[in-house]
Amino acid sequence: MKRIYLALGFCCFLMSGCLVPSLRPFYTQETLVTEPNIVGNWSVDDMNWSFAASQDKTYNLTVVQKGDPGQFEVHLFKLADQLYMDLYPEDLPKDLPVADFYKFHLLPVHHLMQVEMKKETMECRFLDPDKVKDLLEAYPQLLRHEYLDDIAVITDSTEGIQNFLKTFKDYPALWHEDFFEMTPVPEEDPGQND
């Protein structure tokens, strides 16, 4: 039952306007990069983010919040020397007790974070949905989009999105003012309990 609430809660979080969703990926194969220092466990507030290297410059991410996990496919990419993270939810678990008909109505989308790898931390920030909406209302030609419940959903091509990001790379007003800082979770020493 917890998984139902997690999945539905996550959908509500996304639809509440906390993030800027895109129907298309933010990355291309040419812009993908690897970052070996991201692999491992990170914590922020009440969440644990666990990154594992996969294949073809892809990472698997498990986010655990209050004991409930969520699975994501992550791609790191660079545009104009800025590191970004594209997060895409994996399929809902097959054992999730929700009718298949209901599952057909859930649409996975891409989300974007700016990332800065520091010596002991990883600083991340999401696009600010209100600021993006204000910019797109003033200049709708900048990026193809549609509104869903007052949320700007990006519908542009990946190339169009990347041109937008390059143009507004140094425009901090598009990003949440506050970044969240993840710190690495030290691995437990197996000999510690001896």
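Keep in mind the model is a prediction, meaning the values are calculated, not measured.

The rules behind each value
Residues numbered from 1 in each chain as written. Predicted model: local features only at pLDDT ≥ 70, side-chain atom pairs only at ≥ 80, totals over all residues. Heavy atoms only, no water. Buried < 20%, exposed > 50% of the residue type's maximum accessible area, 1.4 Å probe, protein only. Helix = DSSP H or I, 4+ residues; strand = E, 2+ residues; numbered from the N terminus. Contact = heavy atoms within 4.5 Å. Pairing = 2+ DSSP bridges. pLDDT = per-residue confidence, 0-100. Polar contact = N/O pair within 3.5 Å; in protein donor to acceptor, adjacent residues only side chain to side chain.

Remarks on helix H4 (residues 158-167)
Turning to H4, its buried residues number three or more, namely Thr158, Gly160, Ile161, Gln162, Phe164 and Leu165. In this structure, the buried side of H4 is in contact with strand S5 (68-79), strand S6 (82-89), strand S7 (111-117), helix H3 (129-138) and strand S10 (151-154).

What about the pairing of S10?
Both faces of S10 are covered, namely the face carrying Ile151 and Val153 and the face carrying Ala152 and Ile154. Pairing analysis gives four bridges linking strand S9 (residues 145-148) to S10, with the strands arranged antiparallel. Paired with Tyr147 across the two strands is Ala152, which belongs to S10.

Thoughts on the confidence of the model for the chain
Parts of the prediction with low pLDDT should not have their coordinates interpreted in detail. When pLDDT is averaged along the chain, the result is 83, and 82% of the positions lie at 70 or above. Looking over the chain, one finds the lowest element-wise mean pLDDT in helix H1 (residues 2-15), namely 38, and the highest in strand S1 (residues 32-33), namely 97. Note that pLDDT drops below 50 for residues 1-17; the model gives that stretch 25 contacts with residues more than four away or on any other chain.

Quick word on the side chain of Ser22
Tracing the sequence through the fold places Ser22 in the loop between H1 and S1. A relative accessible area of 0% means that Ser22 is categorised as buried. Polar contacts involving the side chain of Ser22 include one to the main-chain carbonyl oxygen of Arg24, which spans 2.7 Å.

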